[in-house]
Amino acid sequence: MLKQQLENVKNSAPLVHNITNYVTVNDCANILLACGGSPIMADDPSDAEEITAICGGLNINIGTLNQRTIPSMLAAGKKANECGHPVLLDPVGAGASSLRTQTAFQLMEEVRFAAIRGNSSEIKTLALGEGTTKGVDADMADAVTEDTLAGSADFARKFAAKTEAIIVITGAIDIISDANTTFAVRNGHPMMSRITGSGCMLSALTAAYLTANPDTPLQACLAAVCAMGLCGERAFERLSSREGSASFRTYLIDEMFNLDGETLERGAKYEIL
Amino acid sequence: MLKQQLENVKNSAPLVHNITNYVTVNDCANILLACGGSPIMADDPSDAEEITAICGGLNINIGTLNQRTIPSMLAAGKKANECGHPVLLDPVGAGASSLRTQTAFQLMEEVRFAAIRGNSSEIKTLALGEGTTKGVDADMADAVTEDTLAGSADFARKFAAKTEAIIVITGAIDIISDANTTFAVRNGHPMMSRITGSGCMLSALTAAYLTANPDTPLQACLAAVCAMGLCGERAFERLSSREGSASFRTYLIDEMFNLDGETLERGAKYEIL
Amino acid sequence: MLKQQLENVKNSAPLVHNITNYVTVNDCANILLACGGSPIMADDPSDAEEITAICGGLNINIGTLNQRTIPSMLAAGKKANECGHPVLLDPVGAGASSLRTQTAFQLMEEVRFAAIRGNSSEIKTLALGEGTTKGVDADMADAVTEDTLAGSADFARKFAAKTEAIIVITGAIDIISDANTTFAVRNGHPMMSRITGSGCMLSALTAAYLTANPDTPLQACLAAVCAMGLCGERAFERLSSREGSASFRTYLIDEMFNLDGETLERGAKYEIL
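Residues numbered from 1 in each chain as written. Chains lettered and ligands numbered in written order. Predicted model: local features only at pLDDT ≥ 70, side-chain atom pairs only at ≥ 80, totals over all residues.

The next subject is the interface of chain A and chain C. It is common to give the size of an interface as the accessible area lost on bringing the parts into contact. The interface of chain A with chain C comprises 23 residues on the first partner and 24 residues on the second. The set of elements that each furnish at least two residues to the side of chain A that touches chain C consists of α5 (98-110) and α10 (245-258) of chain A. When residues in the side of chain A that touches chain C are grouped by element, the largest group, four residues, is from α10 of chain A. Per-class residue counts for the side of chain A that touches chain C are seven nonpolar, 12 polar and four charged. (Contact = placed C-beta atoms within 7 Å. Helix = DSSP H or I, 4+ residues; strand = E, 2+ residues; numbered from the N terminus. Nonpolar A, V, L, I, M, F, W, Y, C, P; charged D, E, K, R; others polar.)

What follows is the structure in structure tokens.
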């Protein structure tokens, strides 16, 4: 299944608009090029809408957001909705500051997201909200482990139903749910948390997969999550003893560049919950 | 010939002010250091002019431009003109949004550029303008190939005459013209389009070459374009089968660091049209 | 001694807030992760204070500062002071423009810094001030060499006494002083000046070391400076003949990832002046 999603990216070279933080923006651009997509970045209110219109998808990442870029995110998100482009939200740091939390809520109210990808703490913040009225009635642990898997899957399912977005919770075990179907993914390597940008790159990649696979959005998200995790595993295997996190980052992007459908199909470790 | 231009960079260590996008800014800084130059970045209106004054050249790149940085580009550009420093324009995304197109036009009206470097689509946008009055009467194809080379060279020549800037159109074949003399360059490798920043790095590099070679600006542009393309070829040769685009990016900058005048002279593939 | 400081970083995983320039921000995030710390970046006035509050330390770097980020630096600095977090100032480009110089002075007036790290020219600008009233009565050479070492150490000592901050002057020889004790460090490699971000990364690293070693701030700074220099030496040793500055950058971060206390202890080259 996942082979097709990967090949659709390579064959259609989706153009993805990214309004993203300046810490990992270069990595996001390079992972998009490595997977076969194409990146554009524009974050001024008077530029973002027009650039979105010429793209196929939009990736909104709220790390290092500011008062100038928030209106750009809203305007680009609405324009992408109008154009029928998939929009992904990466709520970096939601819960860590009120600006980030409030911006994530505002984006969710005003923009229709195809997918929301974050770690369990960020997604919990979005789901549980600030007041009781916004709460999702599910028990979400702080980290997805074998012990908390069932509860976390239930949480993702309910939040997906509420938001009508595919929910992607990443961590040691990743969860992907569109309310009807929920996957657990066991690809990846702890080394991915020792470089900046693993999460941001996955969000950019997922936006490209969604753009290239309009008819199978859930499988697109699953393929992107498995691909990123598998590239992390393969990058780690390449490390020699003197090498460390910076070589790992290089190899991670190299692996994405070289990843083909068969390798993804063989290496993907997922199950339906 | 090109050997001298390269050595002038290494010997004079030109300090180049870059007002550039945040996607590839780190790559631009590193390629400038690799070639023997020195980078400074400052993009606040109250900082840009003063920083330009202490540099030798200025590189203006309109990717991820915003309402704060546009006045900085204009102020720094005018100050560099006053100081007699070469200024290069990289019109990233001109034609893709009206903000970018309009900003590029405004820059061209208010600042005197030593060189303008872009892909054929960006340069076409600048040359053909928005209204008929701004048009350049030449046939510019969408890509420079052997078939369209003569027409593209004619186009570059006329646009160079009109702007009094050296026009550098990069693609599979690169064209460089100062209206009197026009070169075609056949260095480079398709892998360069699989990383972000190849074009931005070339613009930064060209600004350094222009700064270090005030008496031979056309040869400076030719040397920079050949150097970048040659480093791309040499970086590609170093790639092993497991390596991909991220290793290529590393090797590209490594090659620029190690490039000497003899290697450039031997490897440069250019002809006068 | 330095072994303990390094291990305290690895064991406590200090969360460091960075308000830093967009040129080297990715390198700063990756060096923080490599050393065992954790980075957050937030630079909007309405975000910076809250993010600082959840961190353990703050790194303020004035490269590519702008009118939006200056108030963020001031607000975050004051909040960090309130919280008792160590704050480090990297006065990038102080002396090169009045905005940078003035901002550095304003920061020094309104924020209490645990440490100030810069090159000799930047630190001289801060110490000598703009008018005679701000002057420090000491002779500081333009570069710290064996010949100018005694004078530079005296200068650092006096400036440390005046500011009540640990002064870190980096160059071929590094000087670290808290007014009572002054160290000279002879680790490092000239290759570090051929990549962008060596200084910025050291500032981020020093902020992490200060955060993880609240009781031994001077030793924390010494350990960070020795660690960075030692990693530079070890990264250079790994370079093969075809490799250059970009591979060096990768290896530098790799070495920080792999550096352990024993290696630091053995490799550190410092003396008390």
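Let's pick the thread back up.
All names here are of chain A. The element strand β1 (residues 15-19) is extensively covered by neighbouring structure, given that four of its five residues are classed as buried. Pairing of β1 with strand β2 (residues 38-41) involves four bridges; the strand directions are parallel. When the bridges of β2 are listed, Asn-18 appears paired with Met-41. What joins β1 to β2 is helix α2 (residues 25-35), and the crossover it makes is right-handed. Examined bridge by bridge, β1 and strand β3 (residues 57-61) share four bridges and lie parallel to one another. Residue pairing in the sheet places Val-16 in a bridge with Gly-57 of β3. (Buried ≥ 20, exposed ≤ 12 C-beta atoms within 10 Å, placed from the backbone. Pairing = 2+ DSSP bridges. Right-handed = clockwise from strand over helix to strand, strands pointing away.)

All names here are of chain A. Spatially, β2-β1-β3-β4-β5-β6-β7-β8-β9 is the arrangement adopted by the nine strands of the open sheet, whose pairing is mixed. Unpaired on one side and paired on the other, β2 and β9 (270-272) mark the two borders of the sheet. The sheet shows a mean angle of 20 degrees between the axes of neighbouring strands, taken without regard to direction. In this sheet, β9 lies alongside strand β8 (residues 182-185) in antiparallel orientation, the contact comprising three bridges. Counterpart to Val-185 in the pairing with β9 is Tyr-270. Sheet strands in contact with α2 are β1 and β2, and its direction is about 150 degrees off that of β2. (Axes fitted to C-alpha atoms, helices over the stretch in contact; angles between N-to-C directions.)

With an RMSD of 0.0 Å, the fit of chain A onto chain C corresponds to turning through 120 degrees and sliding 0.0 Å along the axis. Interpreted geometrically, this transformation is the action of a three-fold axis. The rotation axis passes nearest to the C-alpha of Tyr-22 of chain A in chain A, at a distance of 3.7 Å. Taken together, the interface assignments show that only 13% of the residues at the interface of chain A recur at the interface of chain C, consistent with different surfaces on the two copies. (Least-squares fit on C-alpha atoms with pLDDT ≥ 70 in both.)

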